[in-house]
Amino acid sequence: MIRASVIVFPGSNCDRDIKVAIERISGFPVKMVWHGDASVPASDFIVLPGGFSYGDYLRCGAMAAHSPIMRDVIAKAKAGTPVLGVCNGFQVLCEAGLLPGVLMRNRSLKFICRDVHLRVDNDQSYFTRAYRKGQVIRVPIAHAEGNYFADDETLDRLEGEGRIVLRYSDEDGDASNAANPNGSQRNIAGISDATGRIVGMMPHPERLYENALGGTDGRRVFESAVVNFAEAMG
Amino acid sequence: MTNASATDANTSPAITPELVAEHGFKGDEYEKLLEILGREPTLTELGIFSVMWSEHCSYKSSRYWLKTLPTESPLVIQGPGENAGIVDLGDGDCAVFKMESHNHPSYIEPFQGAATGVGGIMRDVFTMGARPVANLNALRFGSPGHKKTRHLVNGVVAGIAHYGNCTGVPTIGGETNFDEGYDNNILVNAMCVGLARTDNVFYSAAKGVGLPVVYVGSKTGRDGIHGATMASAEFDDKSDEKRPTVQVGDPFTEKLLIEACLELMATDAISSIQDMGAAGLTSSTAEMADKGGVGITLDLDHVPQREENMTAYEMMLSESQERMLMILKPGHEAEAEAIFKKWELDFAVIGITTDTGRLIVNHNGAVVADLPVPVLANSAPMYQRPWELKEPPKPVLPQWVSPPNSTLGALKEMMGSPHLASRRWIYQQYDHMVMGDTVIRPGGDAGVVRVHGTNKGIAACCDVTPRYVFADPVMGAKQAVTECWRNLCAVGADPIAITDNMNFANPERPEIMGQFVGAVKGIGEACTALDFPVVSGNVSLYNETNGVSIPPTPAIGAVGRVPDVSKMADIGLRNEGDLIIVIGREQGWLGQSLFQQMFAGKLEGAPPPVDLSDELKAGKLIRALIREGRASAVHDCSDGGLLVAIAEMALAGGIGAELFPYEGKLPSHAAWFGEDQGRYVVAVSPHKAEEVVERARLLALPARIIGKVTGDRIALKGETFLPLDELRKEHEGWLPDYMENPLE
């Protein structure tokens, strides 16, 4: 039995999508947890979904980071519960201080919805373990604020500790400027905390988890969590 | 009975002829109002009637003709007359859809105008109990060279993206044209498709007396007052001054409103519900009361207000966004209120249904309006305006149009032109995958979303070719309906029904009214023959500035059902070695073609004729080929003709094509670029190609094998080949270059 919880903020809009993807892949029901609740039920992992929490009228994710449920998400994360933040969820993780850096407006100043190629640079994190290091995958992005920024010292530390999990690349895995859709520093698409249990990513793995949607490259993000759990049990 | 004019006398100014004219009453309309009321209206009443009688709300010029359209079929659950049309998808599922214009506001304030257009059409859909699952839009801008075009494209696209993306509804399709005819009147037509359960649909008729009238959503402000009136008049040089009548949208609130309404709709609390769109509180109360045969008494003191000291006039006419009006069943207030409080939305009981048959509006202890509901809802004038329809022009013979120096050179130029260049820059700004059910993305013939949790799909598209309609309104409108039908067939969907968004200029001019009448006739003929009825629609007239009118633009939005989403086709060529077949009659029709426009520098002659019985046969064959897995790619032939269709298929799939030389009787440029209707290009594995050709022939449909899927270029004997990379650069380059290099 896998116990996953998806936090629903007012304005979340990928909450159902990611719930469905996890349920199809794991075979177990996912709990939806309302932002106003005081605590998250005991979970093997917690997901902060994409969307426009609170309309994102302040900085993206800034309001959500201070919603009642986040106090417990932060506490549980610090106590070791794995947390995945996708798109707006990544922004929330940064605003909540669980991950370093910020997501700024895309350099084009436009919302971008399309498939991108990603190179898996860390295959040890809780949510990327089912990939191989160096593997190139195709997953969609859909955001206006995905331009990852941190100071050089932070970037060097992330790099040094192997915490850059996913980078925008071309089909051959070259993380070139041309393959960078939004201007992110060092082509960063996803990072983790020092333990590898908290992962934030701008791309939407739940949008390419089955062939009917045009591909399955996103599937292993969730399989990673399922595989980990099986190992922990076994 | 209270006499409104007496109690409101202290606050209401005298109704002067100037005030009457400012409210858009024309000719003898005000005299008619005096006669109906038997007294002078109060200011609030004058405002109420001005919006109810506006062209936008009353359809006074168009109603007579719209009533002639076919609106029924075994799959139609709800035709025109409600917030949106409803069609049956089987298994207890239904699709709820409509297209609506937001032209005037989008020209004045493109971002908010377009954004609130999307918001408004989504409310029309979820007010019926449907979750919005797909948005589309049909956009017409002026010539790229016009000084305002870039600004308008930028604003409109960003506005649509802002609203659709935040509400989490995928934008799966649409179309965009550039033409100088829209220089001063752009068109923004937004379509929404929702999904509901057939046994849980909601209507607007207020039934029962003594029930609470509940206001939910955003607070009321002074925005959008007289938006409907603005949308019912032509523009002049001072149109920018109308900016304050444009509403401001808040997609976050809309998202909350969708969730709260759908949550409440899952209970048994709602008797009837209606969104507050054009003419806000006025038209929603009048329509709900009228349809249910009841009266409503409102107390405006309870309306949630964003600004202080709002008058009754302002509250009744405000078009503040993201608001709904509901009649609850007895004893359900607390349950409903709890849901709206959870979603942090306003909830207020602002009135009660009565047996008086009157709309009575109280404010600050005074009766500010007291009107008989049936009169308010149904007394709007209906005009049979004079119209004249020109004889359609004579056809242009193919040999009258000079051939290009190079066929593939012409192709490249067309593919990189504003008419055909890729719209990727636009649709990439729209989230087209949210909800996790988009199985055919934008860029092809139709978008498809799965019915959540099933393997059925809803296919949707929109189309019209205004240059055809301008040349011959009847044939052009027929073509628009048929092209939609074809687009649905081309993905493997069974076409079900359409919504029409009739964009025309000033109907008081007989030649414009003639375009409208002709277009309605053409739509009617096509819908009847194809069993493809009209279930909803919208009319936008007065799209003209200083006497210059837009091309007649009856935009058609269509919905079809895909029985099994694992059996569909899209336009991308896939398999090296497949043969390319064109199915359908070839006439080399260059009159009104894009080729003629670009290379002869003019548009002449009759538009290509549509043969509706051939369409039926071809569509049926195509759907069968797709479902049997015979077709690895399908595309209909439209703007630019056969060669353009093949080029689009090659670019979409990333594989080239080697084309066999044309050896028929037509001039070859007419065969490659003619815009003959009723044709599909299909890619088929080589050992099945003859069988497919034979099956077409058995239906008396011409079909021929025209080339092979291969390589990374378009090749045609006797011509320098065209590398796909080069074609792609041309095709993808124009729009981003245009938008991002303003100092060209």
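What this report covers is the structure whose coordinates are included nearby.

Parameters at a glance
- Residues numbered from 1 in each chain as written.
- Chains lettered and ligands numbered in written order.
- Predicted model: local features only at pLDDT ≥ 70, side-chain atom pairs only at ≥ 80, totals over all residues.
- Helix = DSSP H or I, 4+ residues; strand = E, 2+ residues; numbered from the N terminus.
- Rg over C-alpha atoms; globule rule 2.2 N^0.38 Å.
- Buried ≥ 20, exposed ≤ 12 C-beta atoms within 10 Å, placed from the backbone.
- Contact = placed C-beta atoms within 7 Å.
- Pairing = 2+ DSSP bridges.
- Right-handed = clockwise from strand over helix to strand, strands pointing away.
- Arc of directions from axis to C-beta.

**Observations concerning the overall build of chain A**
Each helix and strand in chain A was counted, giving 5 helices and 11 strands. A compact globule built from 234 residues would reach a C-alpha radius of gyration of about 17 Å, and chain A, at 16 Å, matches this within 12%. Expressed along its principal axes, the backbone C-alpha trace of chain A runs to roughly 45 × 40 × 35 Å. Buried positions account for 57% of the 234 residues belonging to chain A. Taking all contacts inside chain A whose residues are at least 6 apart in sequence as the whole, residues at least 24 apart take part in 76%.

**As for the pairing of strand β18 (residues 534–540) of chain B**
Residue and element names in this part refer to chain B. Among the 7 residues in β18, 7 count as buried, and that is most of the element. Sheet topology note: the strand β17 (residues 494–503)/β18 ladder contains 6 bridges and is parallel. Looking at β18, one finds that Asn 503 is bridged to Ser 540. Handedness of the crossover joining β17 and β18 through helix α20 (residues 510–530): right-handed.

**Focus: the sheet that holds strand β27 (residues 713–716) of chain B**
All names here are of chain B. What the 7 strands build is an open sheet, ordered β23-β25-β22-β26-β24-β27-β28; its pairing is mixed. In this open sheet, the two strands that pair with only one neighbour each are β23 (631–636) and β28 (722–723). The pairing of strand β22 (residues 579–583) with strand β26 (residues 703–709) spans 5 bridges and is antiparallel. Within β26, the position partnered with Ile 580 by the bridge is Gly 707.

**Points about helix α14 (residues 333–342) of chain B**
All names here are of chain B. Here α14 has its buried residues at Ala 336, Ile 339 and Phe 340. Down the axis of α14, the buried side of the element spans an arc of 95°, and every buried residue falls inside it. Turned more than 90 degrees off the buried face of α14, the exposed positions are Ala 334, Ala 338 and Lys 341. Just downstream of α14, Glu 344 is the residue with a positive phi angle, here 55°.

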